[in-house]
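Take a look at the letters that make up each chain.
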Amino acid sequence: MIVATCLAGPGAESIIGDALRSALVVADAFLIILSGCDESATKAEAHGVLCGLQVSFASFAWTGDYAEARNFALDKAEAMGADWALTLDCDERLELRREDLPLYLPDVHSINVKDRDHGYQKERLIRCGVGARWQYPVHERLIASGRYALARGAFWELPKSLETKRARRDRGIEKCLELLATGHGDPHIKRHLAECLGDAGRLEEAIGLWQDVSADPEAKLYEKTWCEFRLAERQMQSGDLAGARDRAAMAVGRDPGLVQELGTLLACLNSFLGDNQAALLWAFTVIGAPVDETRGGHRFLQPSIASCREMVKELSQGAVDFGVRGCSPSALTGGNVNGQAETKTAEEAQGQGLLSAEAAQGIAFTSAPRAASSPEPSLRTSDPWCRFHK
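Reading guide: rules and limits
Residues numbered from 1 in each chain as written. Predicted model: local features only at pLDDT ≥ 70, side-chain atom pairs only at ≥ 80, totals over all residues. Heavy atoms only, no water. pLDDT = per-residue confidence, 0-100. Helix = DSSP H or I, 4+ residues; strand = E, 2+ residues; numbered from the N terminus. Contact = heavy atoms within 4.5 Å. Core = buried A, V, L, I, M, F, W, Y, C linked by side-chain atoms within 4.5 Å. Buried < 20%, exposed > 50% of the residue type's maximum accessible area, 1.4 Å probe, protein only. Salt bridge = Lys/Arg side-chain N within 4 Å of Asp/Glu carboxyl O. Pairing = 2+ DSSP bridges. Axes fitted to C-alpha atoms, helices over the stretch in contact; angles between N-to-C directions. Parallel < 35°, antiparallel > 145°, perpendicular 65-115°, else oblique. Left-handed = near helix turned anticlockwise from the far one by under 90°.

(A) Examining the confidence of the model for the protein chain more closely. Of all residues in the protein chain, 81% attain a pLDDT of 70 or more, and the chain-wide mean is 83. Strand β2 (residues 29–34) holds the highest mean pLDDT among the elements of the protein chain, 98, whereas helix α12 (residues 329–333) holds the lowest, 27. Taken as a whole, residues 318–390 scores under 50 in pLDDT and shows 129 contacts with residues more than four places along the chain or in a different chain.

(B) Structural context of the nonpolar core. Counting residues in each nonpolar core, the largest one holds 35 residues, and the members touching the most others are I2, L20, I32 and L101. Among the secondary structure elements, those contributing two or more residues to this core are β1 (2–8), α1 (16–22), β2, α2 (39–49), β4 (84–89), β6 (108–115) and β10 (147–157). When neighbours within four sequence positions are excluded, L20 is seen to be in contact with C6, F30, I32, A46, V49, L50 and L88. Formed by 33 residues, the second largest nonpolar core is a distinct cluster that contains W226, L241, A244 and L266.

(C) Geometry of the side chain of R141. Its location among the elements puts R141 in strand β9 (residues 141–143). When near neighbours in sequence (up to four residues on either side) are disregarded, R141 contacts R133, W134, Q135, Y136, D186 and H188.

(D) Fine view of the environment of L221. Structurally, L221 is set in helix α7 (residues 221–237). Look at L221 and you get partly exposed, because its relative accessible area is 44%. On a C-alpha basis, the gap between L221 and D255 in space is 7.4 Å, while along the polypeptide they are 34 residues apart. Dropping the residues within four chain positions of it, L221 is found in contact with R254 and D255.

(E) Here's a closer look at the pattern of salt bridges. Taken as a whole and assessed by the stated rule, the structure comprises 23 salt bridges. Here R230 ties to E195 by a salt bridge, and the two come within 2.6 Å at their closest N and O atoms. One end of the pair, R230, is in helix α7; the other, E195, is in helix α5 (residues 187–199), with 35 residues separating them in the sequence.

(F) Broad picture of the sheet that holds strand β3 (residues 54–59). Ordered by their spatial adjacency, 8 strands build an open sheet running β3-β2-β1-β4-β7-β6-β10-β5, and the pairing between neighbours is mixed. Each end of this open sheet is capped by a strand with a single partner; those strands are β3 and β5 (92–95). The average angle at which neighbouring strand axes cross in this sheet is 35 degrees, direction not considered. The sheet contact formed by β1 and β4 spans 6 bridges and is parallel. Counterpart to T5 in the pairing with β4 is T87. Packing of helix α3 (residues 66–79) onto the sheet brings it into contact with β1, β2, β3, β4 and β7 (121–127), and relative to β2 it is tilted by some 145 degrees.

(G) Looking closely at the packing of helix α8 (residues 241–254) against helix α9 (residues 259–272). Between α8 and α9, whose axes approach to 9 Å, the crossing angle comes to 150 degrees. Taken together, the axes of α8 and α9 are roughly antiparallel relative to one another. Where α8 crosses over α9, the handedness of that crossing is left-handed. Counting all contacts with α8, which are made through L241, A244, R245, A248, A249, A251 and V252, the residues of α9 involved are V259, L262, L265, L266, L269, N270 and F272.

Written as structure tokens, this is what we have:
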């Protein structure tokens, strides 16, 4: 049996209905955790949506600890006889089918679902009775002895107000600092704290933490790579363009899984440094590269791809036209490849220093020479990286 658990905090009564509806095709029963909402209105909304289905309610006094609340829900679901507990927030919506869930693989303790809009995945269904527990009051993560499986389908979240985002950021800083003060130096927490501090404008503190995680042998590769991406960003913004390019290129060479973000950065940096050919190669790499869906945490996936599409349009106006196998330059730029194009293999591009060995695998490029009278395009007054961060 799958029990969908939904944490109902302040204001939940106005949005919980659609969250529950999105789980109807997956869940056998529902558990609503009442924690600061209007309880009578929330119960009425839940009963209206779940008419005829098994639904239970449990009260939980909010302590500011998300792991504690999720573990409370997990225990209550197990007490209801659940084989699996589905975790669902009131502002989340599921796009899942039950037949796509790998429920019967005995070594799978967590079924993850990818975010529709941001290219990462999140623990969504937790197997009961195997000792899985949530950890940390913010940026919580699941600790389980078995492996996870990625389900087909997706989830998405309602947009948050600026006020809500700032409150979450400030609470993240407070809780992470408390954890570090008590000896919890987990790279997972340091990375989250760095993101919150950077968003709050406390860049020197954020840079120090990104450097710590990048150098920490206990940090996971994707955590190190994300921190290198952030450090390369800061180098670029401080004017060290060549240093930023070197850092980003080394990072994507070690871990191509973050090629969308690092490739966009490299495209911008190469353009700033006057190498528009390399800029276009990186832009097309970002557009054509497969997405690594094993990544945890928030990403800039769609904004990165959109920025590279825009960069292709700008740089290819009288500059150089490139195509990637399976990706039409005319479809991207609204123009045509002029003249007789010559094929450039990924190995040739790698030999010229335009791509790392990892990024070069499986990619083919076609290029047409720029006319001698064509003006040199510049992104300095119309930087996609700036638009990407707005």
